[in-house]
Amino acid sequence: MVSRTTYFSKKVTLLNVIATFLIVFLHAETPIRFGQPLDFQHYPFIYSVFCLTQIAVPLFFFISAILFYRSCEWKDIPKKLYKRIFSLLIPFVLWNFIFCVIYFTLERIPIMATRMSFSTPLNTPIDWILAIWRSNLTPLWFVKYLMIYCVASPIILLVIKNKWVGLAAIIGSLAACLALGWGYYDLRFWVPIYVAGAWTGRHIYGNGKHENCPVINRSRPITIISSIILLSLLTVSTLGLVSWTWLKFFGPLLIWFGLDAINPLFIGEKFQVKPWMGDMFFIYATHYFLLNVEQAIIRSVLPSNQFVLNLTFIITPVITIVILLVTARMLSSFRFFKVLTGGR
């Protein structure tokens, strides 16, 4: 029977792939690009999928925190931060710079400038520095926040070392988030989700506990209960009955622990990690631009009716994922590609 170490690694890979694909669909906000409202009334299918994709970014934060704190003591922090220079900081700067160059070039080509939206000025060195730091042209703001949380790791470790203090911090930060209305792009909004992942990593998976023990089958009721709660949250969030914050916070927890209860043997033995599954960071960093190009072309040649928008919402993410997977496989043998993807 598969060990917990193997199972954990495969589980992280599987969820990373799922979350990345959801991110691509999250940014395929077709009605908005066609100048139409994205809501349940006008586009129920697109909006329902859009609500599901709200789980993706929280899942990334949750898993990232688990991986950082599952083996983390005070002495480990300097080494972990040093590794993040290569896995987070360098790719963050390079990708943002690359897309600044791309957009700067396209903006000066009349036929492209009229078909694509350029809202970020790149006229001075300060403009470039701000565009890179703010991730104005990429979805890499997540990486920036992740780096900030890594820098704050001594404080986070101090908070979660005692499991009760850690739980209090999670509940308190969630309450503050709900009460003060911190927004999606507010660094504070993601604190309860990240700290929940850090707490899970330390107190459930910490320090290699039981890593060599075989995976134990979980009970089916856990799967059923997790599925019911997750579907309920999706439904009430889609209908606008509760804040998306509840889905974003509890979604990763329900998926992470609910997946264990389905059938550990599927992940542990039947699920096989493929080379292309290591290309998710490349897809994450580049998909937004490609989606923009594809949908700009479609918008210029097809009418903006409901059929076209729904079909575009389905097709363009699939095309984007396929193109980027093929591109990543072609570039994977080059050293610079490893630098761009943080050695992944």
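Residues numbered from 1 in each chain as written. Predicted model: local features only at pLDDT ≥ 70, side-chain atom pairs only at ≥ 80, totals over all residues. Heavy atoms only, no water.

**Q** Could you clarify how one ought to interpret the overall build of the protein in this entry?
**A** Broken down by element type, the protein carries 17 helices and zero strands. With the principal axes as the frame, the protein shows a C-alpha extent of 60 × 45 × 45 Å. Once local pairs closer than 6 in sequence are excluded, the contacts in the protein between residues at least 24 apart make up 82%. Carbon together with sulfur atoms contributes 70% to the accessible area of the protein, which is approximately 16700 Å² in total. Within the protein, one finds 29 positive and 12 negative side-chain charges whose respective centroids are separated by 7 Å. (Helix = DSSP H or I, 4+ residues; strand = E, 2+ residues; numbered from the N terminus. Contact = heavy atoms within 4.5 Å. Areas by Shrake-Rupley, 256 points an atom, 1.4 Å probe, with all protein chains shown as cover. Lys, Arg positive; Asp, Glu negative; His and termini not counted. Charge placed at Lys NZ, Arg CZ, Asp CG, Glu CD.)

**Q** Hey, could you run me through the pattern of salt bridges in this one?
**A** When charged atoms on two side chains of opposite charge get close, those side chains can pair. Here the structure, examined in full by the defined rule, presents five salt bridges. The partner of glutamate 73 in a salt bridge is lysine 161, and the shortest N-O contact between them spans 3.6 Å. Taken together, the residues glutamate 73 in the loop between helix 4 (56–69) and helix 5 (77–106) and lysine 161 in the loop between helix 9 (153–160) and helix 10 (163–180) connect sequence positions 88 residues apart. A salt bridge links arginine 202 to glutamate 73; the shortest N-O distance between them is 3.3 Å. Of the two residues, arginine 202 sits in helix 11 (residues 191–203) while glutamate 73 sits in the loop between helix 4 and helix 5, which places them 129 residues apart along the sequence. Comparing arginine 202 with glutamate 73, the two get one shared label, buried. Through salt bridges that share partners, Glu73, Lys161 and Arg202 make up one connected network. (Salt bridge = Lys/Arg side-chain N within 4 Å of Asp/Glu carboxyl O. Buried < 20%, exposed > 50% of the residue type's maximum accessible area, 1.4 Å probe, protein only.)

**Q** Hey, could you run me through helix 16 (residues 306–331) in this one?
**A** What sets the pattern is the α-helix's 3.6 residues per turn: residues three or four places apart point alike. Between the first and last C-alpha of helix 16 there are 37 Å, a value that for 26 residues agrees with the 38 Å anticipated at 1.5 Å per step. Bending of helix 16 peaks at approximately 25° at the position of threonine 312. Among the residues of helix 16, those classed as buried are Val308, Leu309, Asn310, Thr312, Phe313, Thr316, Pro317, Thr320, Ile321, Leu324, Leu325 and Ala328. Buried residues along helix 16 sit in contact with helix 1 (4–26), helix 2 (30–33), helix 3 (44–53), helix 15 (280–301) and helix 17 (335–340). Where helix 16 starts, the residue carrying a side-chain oxygen 3.2 Å from the main-chain nitrogen of phenylalanine 307 turns out to be asparagine 305. (Expected span 1.5 Å × (residues − 1). Bend = angle between axes of the 7 residues up to and from the residue. Polar contact = N/O pair within 3.5 Å; in protein donor to acceptor, adjacent residues only side chain to side chain.)

**Q** I'm lost on the nonpolar core in this one. Help?
**A** Side chains that are nonpolar tend, in soluble globular proteins, to be buried together. Within the largest apolar cluster, 98 residues are counted, with the highest numbers of intra-cluster contacts made by Val57, Phe61, Tyr69, Phe142, Trp190, Tyr194 and Trp256. With twelve residues, helix 1 is the largest single contributor of residues to this core. Setting aside chain neighbours within four positions, we find tyrosine 194 in contact with Phe61, Ala65, Phe68, Tyr69, Leu146, Tyr149 and Ile156. Leu230, Leu233, Leu234 and Leu254 belong to the second largest nonpolar core, which has six residues in total. (Core = buried A, V, L, I, M, F, W, Y, C linked by side-chain atoms within 4.5 Å.)

**Q** Explain the state of the cysteines to me, please; I cannot follow it from the model alone.
**A** Following the criterion strictly, the structure yields zero disulfides and no others. Distance from the sulfur of cysteine 177, which forms no disulfide, to the nearest cysteine sulfur (cysteine 51) is 17 Å. (Disulfide = S-S within 2.5 Å.)

**Q** Sorry, what's going on with helix 4 here?
**A** End to end, helix 4 covers 20 Å across 14 residues, agreeing with the expected 20 Å (1.5 Å per residue, within 8%). Here helix 4 lies mainly inside the structure; 13 of its 14 residues are buried.

**Q** Is there a simple way to explain the packing of helix 1 against helix 16 in this structure?
**A** A packed helix pair is summarised by two numbers, namely the angle formed by the two axes and the spacing between the axes. Taken N-terminus to C-terminus, the directions of helix 1 and helix 16 make an angle of 130°; their axes are 9 Å apart at the nearest point. Overall, the two elements helix 1 and helix 16 adopt an arrangement that is oblique. As for how helix 1 packs across helix 16, the hand of that crossing is right-handed. Along the contact surface, helix 1 presents Phe21, Val24 and Phe25, while helix 16 presents Phe313, Ile314, Pro317, Val318, Thr320 and Ile321. A per-class count over the contact of helix 1 with helix 16 returns eight nonpolar, one polar and no charged. (Axes fitted to C-alpha atoms, helices over the stretch in contact; angles between N-to-C directions. Parallel < 35°, antiparallel > 145°, perpendicular 65-115°, else oblique. Left-handed = near helix turned anticlockwise from the far one by under 90°. Nonpolar A, V, L, I, M, F, W, Y, C, P; charged D, E, K, R; others polar.)

**Q** Teacher, can you tell me more about a nonpolar patch on the surface here?
**A** On the surface, Phe45, Phe307, Leu311, Ile314, Ile315, Ile319 and Ile323 cluster together to form a nonpolar patch covering roughly 610 Å² of accessible area. At six residues, helix 16 tops the list of elements feeding residues into the nonpolar patch. Its place among the elements puts isoleucine 319 in helix 16. (Patch = residues over 30% accessible without salt bridge, like charges linked within 9 Å, V, L, I, M, F, W, Y side chains within 5 Å.)

**Q** Would you mind showing me how to read the environment of isoleucine 160 here?
**A** As for its position among the elements, isoleucine 160 is in helix 9. Take isoleucine 160: its relative accessible area is 0%, and that puts it in the buried class. Linking isoleucine 160 and tyrosine 69, residues 91 residues apart in sequence, is a C-alpha distance of 9.6 Å. Leaving out residues up to four positions away in the same chain, isoleucine 160 has contacts with Tyr69, Gly166, Val195, Ala198, Trp199, Arg202 and His203.

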